[in-house]
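# Coordinate inspection notes
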Amino acid sequence: MAMLPAKQAEELILGLIQLLDANRVTEVVDLSTAVGRILAAPVTSQLDFPHWDNSAMDGYAVRFADVQHCNAQQPAELTVVEEIPAGYQPQCLIQSGQAARILTGAVMPAGADTVIMQEQTRREGDRVLILAAPTDLGMFVRHRAAFYQAGTPLLPAGIQLNAAEIAVLAAAQCTQLSVYRRPRVAILSTGNELVMPEQILQAGQIVDSNQYALAAFVAQNGGVPLPLGIVADEPEALKQAIAHAIESADMVLSTGGVSVGDYDYVEQILEQLGGEIHIRAVAVKPGKPLTVATFSQKQTDTQSSIVYFGLPGNPVSALVSAWRFVQPALKKLAGLPQSDWEPVFVKARSHQDLRSDGKRETYLWGRLYRVDGLYEFEVAGGSHSSGNLINLAQTTGLAVVPVGQTLIPAGELIQVLQINS
Ligand code: AMP
Ligand code: MG
């Protein structure tokens, strides 16, 4: 299988996620823990909004017929029979010649149909003078169900619950919500040289930073990380670990062992385990040795599939590949709408010359930011060798140098992939 162009790899991967849509499992969560979750079913409330006719102003609730011809010279004079603050249930029926003092948001009393704002009245003891006629019957009255009618759809399925949606659901007294279960993403690091960050390094050993990086990446993109630790470059151990990962998760991210070295066994194991391999390499730099496979498993009552990403071991390549190819796939699997999972490429002005060997689509990491609404890109200082993890910190964008181009001069407009995690 040849190296795939980046765009083709992206489309293929997102197509594979489409096939997994049917797998999606839902669960019920309480509103207090629902932030960031995605609704799996439309929500309907039994409450009207507003719940009852109420006043939009501080003023007086009146009968339109009593005041429709009045003016400052000939004010209408009404008897104030009740005061209605917010939260109070009116007791009186407003008759002709009567009014109720009413405050914003308070329930309209029966008999009244219009509110006169306080500024157009003068209070004299238990009487009020109305100094200007309202233009319409019903002025400053918010009618019951004007904003939302009980029983009709309130929020649709597929939306993410953030502060505004949570406000609506709370107001509508919808506190138990059906949401998509977050995808469980198993994370495996392969390599004899790897140790945990707490261990004292022996000569030649490397800290397994990928496990941490990918756990953070998964959590930031709506998944639940299942860190499965380090596996030696040993076919039997790897086979067991990969089989276990496939059984436990909706998606697997492994790093290392996908190049053409003597210890790179991942691809052959995926095949032995019955995986269908869709991608073996992508024409990008860094991140060329990306393996993508799917597994379908017959479980007790359902057919379920998972997608496997064999990422390069190199920590820069692993994260760049994850940003470029796994991020949209994971967000899509989580149930987000297309506008939220599509990779976002923006046009930015580069501060530096950007170079590539022109053979593969090249990603240069750095900071993407806005000045007066226009994007600028500052490439990270130091080496852009995939061996240099250190200057990857604080990356907010990956500048793209397309295949066939070896230099983009400073000051030119470039495409930058926005990284938000
Ligand atoms: P590999 O793809 O397995 O040949 O690994 C490529 C390079 O990345 C080697 O220098 C590895 O030591 C390094 N590497 C592999 N896995 C990890 C990991 N989990 N964390 C940090 N570095 C790694
Ligand atoms: Mg290795």
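See the structure above.
Owing to the predicted nature of the structure, the values given are computational and were not obtained by experimental measurement.

Rules used in this analysis
Residues numbered from 1 in each chain as written. Chains lettered and ligands numbered in written order. Predicted model: local features only at pLDDT ≥ 70, side-chain atom pairs only at ≥ 80, totals over all residues. Heavy atoms only, no water. Helix = DSSP H or I, 4+ residues; strand = E, 2+ residues; numbered from the N terminus. Rg over C-alpha atoms; globule rule 2.2 N^0.38 Å. Contact = heavy atoms within 4.5 Å. Areas by Shrake-Rupley, 256 points an atom, 1.4 Å probe, with all protein chains shown as cover. Lys, Arg positive; Asp, Glu negative; His and termini not counted. Charge placed at Lys NZ, Arg CZ, Asp CG, Glu CD. Pairing = 2+ DSSP bridges. Axes fitted to C-alpha atoms, helices over the stretch in contact; angles between N-to-C directions. Parallel < 35°, antiparallel > 145°, perpendicular 65-115°, else oblique. Left-handed = near helix turned anticlockwise from the far one by under 90°. Nonpolar A, V, L, I, M, F, W, Y, C, P; charged D, E, K, R; others polar. Near = heavy atom within 4 Å. Polar contact = N/O pair within 3.5 Å; in protein donor to acceptor, adjacent residues only side chain to side chain. Phe/Tyr/Trp six-rings, centres within 6.5 Å; stacked < 30°, edge-to-face > 60°. Lys NZ or Arg CZ within 6 Å of the ring centre and 35° of its normal.

## Describing the overall build of the protein
Assigned secondary structure in the protein consists of eight helices and 28 strands. In terms of C-alpha radius of gyration, the protein reaches 32 Å, well past the compact-globule figure of 22 Å for 421 residues. A principal-axis box enclosing the C-alpha atoms of the protein has dimensions of 100 × 60 × 40 Å. Contacts spanning at least 24 positions in sequence make up 70% of the contacts within the protein whose residues lie at least 6 apart. As displayed, the protein offers around 20,200 Å² of accessible surface, 52% of which is attributable to carbon and sulfur atoms. Across the protein, 28 positive and 41 negative side-chain charges occur, with their mean positions spaced 3 Å apart.

## Focus on the pairing of strand 28 (residues 413–418)
Remark: a regular strand shows side chains that alternate across the two faces of the sheet. The sheet contact formed by strand 22 (residues 345–350) and strand 28 spans five bridges and is antiparallel. Among the inter-strand pairings, Lys 347 is bridged to a residue of strand 28, identified as Gln 415.

## Describing the packing of helix 4 (residues 209–220) against helix 7 (residues 315–334)
Two measures define how a pair of helices packs: the angle their axes make with one another and the distance between the axes. With their axes 11 Å apart at the nearest point, helix 4 and helix 7 run at an angle of 25° to one another. When the axis of helix 4 is compared with that of helix 7, the two are roughly parallel. Between helix 4 and helix 7 the crossing geometry is right-handed. When helix 4 is examined against helix 7, the residues Ser 209, Asn 210, Ala 213, Leu 214, Phe 217 and Val 218 are found in contact with a partner set consisting of Pro 315, Ala 318, Leu 319, Ala 322, Trp 323, Val 326, Gln 327 and Leu 330. Classifying every residue of the contact of helix 4 with helix 7 by side-chain character gives 11 nonpolar, three polar and no charged.

## Some thoughts on the site of ligand 1
Taken together, 16 residues are adjacent to ligand 1, and Glu 193, Asp 208, Asn 210, Gly 257 and Asn 314 come closest. Asn 210 places a polar side-chain atom, nitrogen or oxygen, 3.2 Å from a nitrogen atom of ligand 1. Here Gly 257 contributes a backbone N or O atom positioned 3.1 Å from an oxygen atom of ligand 1. Summarising the interface, the protein chains cover 76% of the accessible area of ligand 1, which totals 480 Å² for the free molecule. For the shell around ligand 1, the secondary structure elements donating two or more residues are strand 13 (184–190), strand 15 (206–207) and helix 4. In terms of residue class, the shell around ligand 1 is made up of four nonpolar, 10 polar and two charged.

## Describing the environment of Ala 393
In this fold, Ala 393 is placed in the loop between strand 25 (374–379) and strand 26 (397–401). Between the C-alpha atoms of Ala 393 and Ala 380, which are 13 residues apart in sequence, the distance is 8.9 Å.

## Side note on the packing of helix 1 (residues 6–20) against helix 7
Axis separation between helix 1 and helix 7 bottoms out at 9 Å; the angle between their running directions is 20°. Judged by the inter-axis angle, helix 1 sits roughly parallel to helix 7. As helix 1 runs across helix 7, the sense of the crossing is right-handed. Mapping the contact onto sequence places Ala 6, Lys 7, Ala 9, Glu 10, Ile 13, Leu 14, Ile 17, Gln 18 and Leu 20 in helix 1 and Arg 324, Phe 325, Pro 328, Ala 329, Lys 332 and Leu 333 in helix 7. Taken together, the residues that form the contact of helix 1 with helix 7 break down as 10 nonpolar, one polar and four charged.

## Focus: the packing of aromatic side chains
Across all of its chains, the model carries two aromatic pairs by this definition. Sitting over the ring of Tyr 180, Arg 24 keeps its end group 5.0 Å from the ring centre. Taking NZ or CZ as reference, Arg 101 lies 5.4 Å from the ring centre of Tyr 60, over its face.

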